[in-house]
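Here are the chains, one letter per residue:
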Amino acid sequence: MSYVSSVFQRIKVRNANEPEFLQAVEEVFKSLEPVLEKHPEYISANILERITEPERQIIFRVSWVDDQGVLQINRGFRIQFNGALGPYKGGLRFHPSVYIGIIKFLGFEQIFKNALTGLPIGSGKGGSDFDPKGKSDGEVMRFCQSFMTELYRHIGPDVDVPAGDIGVGGREIGYLYGQYRRIKGVFENGVLTGKGLSYGGSLVRTQATGYGLIYFVDEMLKHNNKVLQGKTVVISGSGNVAIYACQKATALGAKVIAMSDSNGYIYDENGIDLPLVRQLKEVERKRIRSYLNFHPEAQYIEGCKNIWSIKCDIALPCATQNDISLENAKTLVANGVIAVGEGANMPCTNEAINYFLENKILLAPAKAANAGGVATSALEMSQNSMRYYWTFEEIETKLKNIMVTIHSNAAAASSEYGFGYNLVAGANIAGFKKVADAMMAQGNY
Ligand SMILES: NC(=O)C1=CN([C@@H]2O[C@H](COP(=O)(O)OP(=O)(O)OC[C@H]3O[C@@H](n4cnc5c(N)ncnc54)[C@H](O)[C@@H]3O)[C@@H](O)[C@H]2O)C=CC1
Ligand SMILES: O=C(O)CCC(=O)C(=O)O
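This one's a predicted model, so the numbers in the text were calculated from it and none came from an experiment.

## A few points about unusual backbone geometry
Then, in step 1: For Lys-360, which is not a glycine, the phi torsion comes out positive at approximately 60°.
Then, in step 2: One can find Lys-360 in the loop between α13 (350–358) and β12 (362–364).
Then, in step 3: In this structure, Arg-387 takes a positive phi of about 50° despite not being glycine.
Then, in step 4: By the secondary structure assignment, Arg-387 is in the loop between α15 (371–386) and α16 (392–416).

Written as structure tokens, this is what we have:
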């Protein structure tokens, strides 16, 4: 058994009930054999076991009163996974599926993603099994206030800086920041990112993950003598990442023909009417099926997974983990897909990733392709520290440069370690080396 496999066996035993975390670790480890061969010092320093064990895991009770006056109890999490490069940084997810294994997989991915941005941020992730769907603004506010009443003691602008993820957008960040400020009695807005523009938020943060994804995919296509213009695109999800990926892909000349939510998907061969989707999702918080009230010529199909049976050139999974199974991957390849860009975290199963790579499909891996969100969060932290704001154009230029650099670093690392042009391996290696070197320099913590 190889060294990497033997370490993975130990990690499996230690984290036996966390399949998503083990999936994420296995995917990264698959790229590391040649790195460890060239750098045996990482083996003597036991970097693999250290990097897979969070520095700190916080689990707490969140009690809040619903609109009927009933006391509800949820579980809150914050994992401070790796602080070697900077303050712990990463989003909060509010979704009923959240448990420690989900937060650990997300925090683990965040280590390498944040390293790839080239900015001084470590990795953290958190959230709760609270379901914001169908809750009133008052219920969401009381939940956020209770969540922050515990979380505030563990975070800070130089300690740990949470942001949004599934179920946590501008509304939730506002309530969370308000409670932090109330408890601490200071205007310390660098403690959270994704804030509203009136109290320290950054221009472009709302658009950043989706725009960054498209910049990355565009770069990957150009590198392979292909163009985005004129391509048909299918996007899963209709949340923050999906909406702004759709906007930028359309602006660059592609045609987005389908989007989904957790109930089903819409197919509009004329191209998705994005202003309508934004109104329905961002303002009215409705299900995506209501798109048909305005576009009866479009189709709504129940069941979100079937979206991958639509013929398209480019597939952008932007909803949640394990969205594209091996079966979905086979269908996409049979239908002629040329590229897949992972907007969500770990949206393809490991079997689907292998199938795409074996079939020479261009694959933009999540930890590189969706890094624009956290990179722009780091730019928000810089602006808060400077007490200054950059313009939209300044930030978008920085974002674009970061995505182009991540692509070239991942491509270079892949080639250096014998993987050819394989951005999955390249992103893992480039991210890993940066963090491993910082950990080595800081002793055996
Ligand atoms: N918001 C950000 O800046 C970043 C988000 N991501 C990842 O992108 C993905 C989407 O996040 P956001 O757009 O921020 O969240 P969001 O809450 O704005 O939207 C999530 C979307 O996914 C759909 N969805 C959720 N669970 C689903 C399920 N089980 N099956 C099918 N669809 C489901 C929802 O209906 C919604 O359309 C997540 O994987 C997140 O971790 C990654 C990097 C940054
Ligand atoms: O902006 C951030 O800090 C978090 C973004 C995030 O959660 C992610 O990259 O998955």
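## Here's the deal with the pairing of strand β3 (residues 88–94)
Then, in step 1: Counting buried residues in β3 gives seven out of seven residues, a clear majority hidden from the surface.
Then, in step 2: As paired strands, β3 and strand β5 (residues 160–163) are joined by four bridges and run parallel to one another. Considered in β5, the bridge of Lys-89 is made with Val-161.
Then, in step 3: In this structure, β3 lies alongside strand β4 (residues 123–128), joined through three bridges in parallel fashion. Each bridged residue has a counterpart across the sheet, and for Arg-93 the counterpart in β4 is Gly-127.
Then, in step 4: For the crossover from β3 across helix α6 (residues 100–116) to β4, the handedness is right-handed.

## Regarding the site of ligand 2
Then, in step 1: Every one of the 14 residues lining ligand 2 counts as a neighbour, but Lys-89, Lys-113, Lys-125, Arg-205 and Ser-377 are closest to it.
Then, in step 2: Take Asn-345: an N or O atom from its side chain is 3.1 Å from an oxygen atom of ligand 2.
Then, in step 3: In isolation ligand 2 has 290 Å² of accessible area, and contact with the protein removes 94% of it.
Then, in step 4: Secondary-structure elements contributing two or more residues to the shell around ligand 2 are β3, α6 and α15.
Then, in step 5: Tallied by class, residues from the shell around ligand 2 come to two nonpolar, seven polar and five charged.

## Observations regarding the confidence of the model for the protein
Then, in step 1: When pLDDT is averaged across the protein, the result is 98; 100% of the residues are at 70 or more.
Then, in step 2: What the predictor reports for the complex is a pTM of 0.98 with an ipTM of 0.98.

## Topic: the domain arrangement of the protein
How big an interface is tends to be stated in terms of accessible area lost as the parts join.
Then, in step 1: Each domain of the protein was delimited in the assignment, giving domain 1 (54–187) and domain 2 (208–369).
Then, in step 2: Centre-to-centre separation of domain 1 and domain 2, based on C-alpha positions: 27 Å.
Then, in step 3: Counting residues at the interface gives 13 residues for domain 1 and 10 residues for domain 2.
Then, in step 4: Of the roughly 1,000 Å² buried between domain 1 and domain 2 on both sides combined, carbon and sulfur atoms contribute 49%.
Then, in step 5: On the domain 1 side of the contact with domain 2, Phe-105, Glu-109 and Lys-113 bury the most area, a combined 44% of that side's loss.
Then, in step 6: With a shortest N-O distance of 3.5 Å, Glu-109 and Lys-367 are connected by a salt bridge.
Then, in step 7: Counting across the interface, domain 1 meets domain 2 through three residue pairs in polar contact (both at pLDDT 80 or more).
Then, in step 8: Take the side of domain 1 that touches domain 2: its biggest share by element is seven residues, from α6.
Then, in step 9: Residue classes in the side of domain 1 that touches domain 2 are distributed as six nonpolar, no polar and seven charged.

## A short note on the site of ligand 1
Then, in step 1: Taken together, the neighbourhood of ligand 1 is formed by 23 residues, with Asp-165, Arg-205, Thr-209, Ser-238 and Asn-345 sitting nearest.
Then, in step 2: At a separation of 3.0 Å, an oxygen atom of ligand 1 approaches a polar backbone atom of Gly-167.
Then, in step 3: In the environment of ligand 1, an oxygen atom lies 3.0 Å from a nitrogen or oxygen atom belonging to the backbone of Val-241.
Then, in step 4: Here ligand 1 has 820 Å² of accessible area as a free molecule, and 83% of this is covered by the chains.
Then, in step 5: Every element with two or more residues in the shell around ligand 1 is listed here: α9 (205–223) and α10 (240–251).
Then, in step 6: Of the residues belonging to the shell around ligand 1, the class tally is six nonpolar, 12 polar and five charged.
Then, in step 7: Three or more residues apiece are contributed to the shell around ligand 1 by two domains, here domain 1 (54–187) and domain 2 (208–369).

## Here's the deal with the packing of aromatic side chains
The geometry of two aromatic rings is summed up by the distance between their centres and the angle between their planes.
Then, in step 1: Inspection of the entire model under this criterion finds 18 aromatic pairs.
Then, in step 2: Taking 5.0 Å as the distance between ring centres and 75° as the angle between the ring planes, the aromatic pair formed by Phe-108 and Phe-112 counts as edge-to-face. One end of the pair, Phe-108, and the other, Phe-112, are both in helix α6, four residues apart, so they sit about a helical turn from each other.
Then, in step 3: Residue classification places Phe-112 among the buried residues on the basis of a relative accessible area of 0%.
Then, in step 4: Geometrically, the ring pair formed by Tyr-211 and Tyr-244 is edge-to-face, given 6.4 Å between the ring centres and 65° between the ring planes. Of this pair, Tyr-211 sits in helix α9 while Tyr-244 sits in helix α10; the two residues are 33 residues apart in sequence, bridging distant segments of the chain.
Then, in step 5: A residue is classified by how much of its surface remains accessible, and Tyr-211, at 8% relative accessible area, is buried.
Then, in step 6: One aromatic cluster in this structure is built from Phe-60, Trp-64, Phe-94, Phe-130, Phe-143 and Phe-147.
Then, in step 7: The ring of Tyr-417 has Lys-38 lying over it, and the distance from NZ or CZ to the ring centre is 4.9 Å.
Then, in step 8: A cation over a ring is seen here: Lys-398 above Trp-390, with NZ or CZ 4.5 Å from the ring centre.

Rules and cut-offs
All residue numbers refer to position in the chain's written sequence, counted from 1. Written order determines the labels here, with chains lettered from A and ligands numbered from 1. This being a predicted model, a pLDDT of at least 70 is required before a residue's local features are given, and a value of 80 or more before pairs of side-chain atoms are given or counted; all residues contribute to the totals for chains, interfaces and linings. For the side-chain quantities, the full set of heavy atoms in the structure was used; hydrogens and water were omitted. Counting from the N terminus, the helices are the DSSP runs of H or I reaching at least four residues and the strands are the DSSP runs of E reaching at least two. Remark: exposure states derive from per-residue accessible area (1.4 Å probe, protein chains only) relative to the maximum for the residue type, with buried under 20%, exposed over 50%, and partly exposed in between. One requirement defines pairing of two strands: DSSP has to find at least two bridges between them. Assignment of crossover handedness uses the view with strands pointing away from the viewer, where a clockwise path from the first strand over the helix to the second indicates a right-handed crossover. Residues are classed as near a molecule or strand on a simple rule: at least one heavy atom within 4 Å of it. Any N or O atom pair separated by 3.5 Å or less is treated as a polar contact, with the protein-specific requirement of one donor-capable and one acceptor-capable atom, and with residues adjacent in sequence counted only for side-chain atom pairs. The Shrake-Rupley method, run with a 1.4 Å probe, gives the accessible areas here. Residue values count only the displayed protein chains as cover. Under the scheme applied, nonpolar residues are Ala, Val, Leu, Ile, Met, Phe, Trp, Tyr, Cys and Pro; charged residues are Asp, Glu, Lys and Arg; polar residues are all the others, including Gly. For every residue, the predictor assigns a confidence score, pLDDT, that lies between 0 and 100. Each domain's limits were defined by an automated method or a database of domain assignments. In this description, contact between two residues means that some pair of their heavy atoms is separated by no more than 4.5 Å. Reported buried area values correspond to the accessible surface (1.4 Å probe) lost by two parts on association, with both partners' losses combined. Take a side-chain nitrogen of Lys or Arg and a carboxyl oxygen of Asp or Glu: if they are within 4 Å of each other, that pair is a salt bridge. Each Phe, Tyr or Trp ring (for Trp, its six-membered ring) is paired with any other whose centre lies within 6.5 Å, and the angle between the two planes then decides the class: stacked below 30 degrees, edge-to-face above 60, tilted in between. We count a charge as sitting over a ring when the NZ of a lysine or the CZ of an arginine lies within 6 Å of the ring centre and within 35 degrees of the ring normal.

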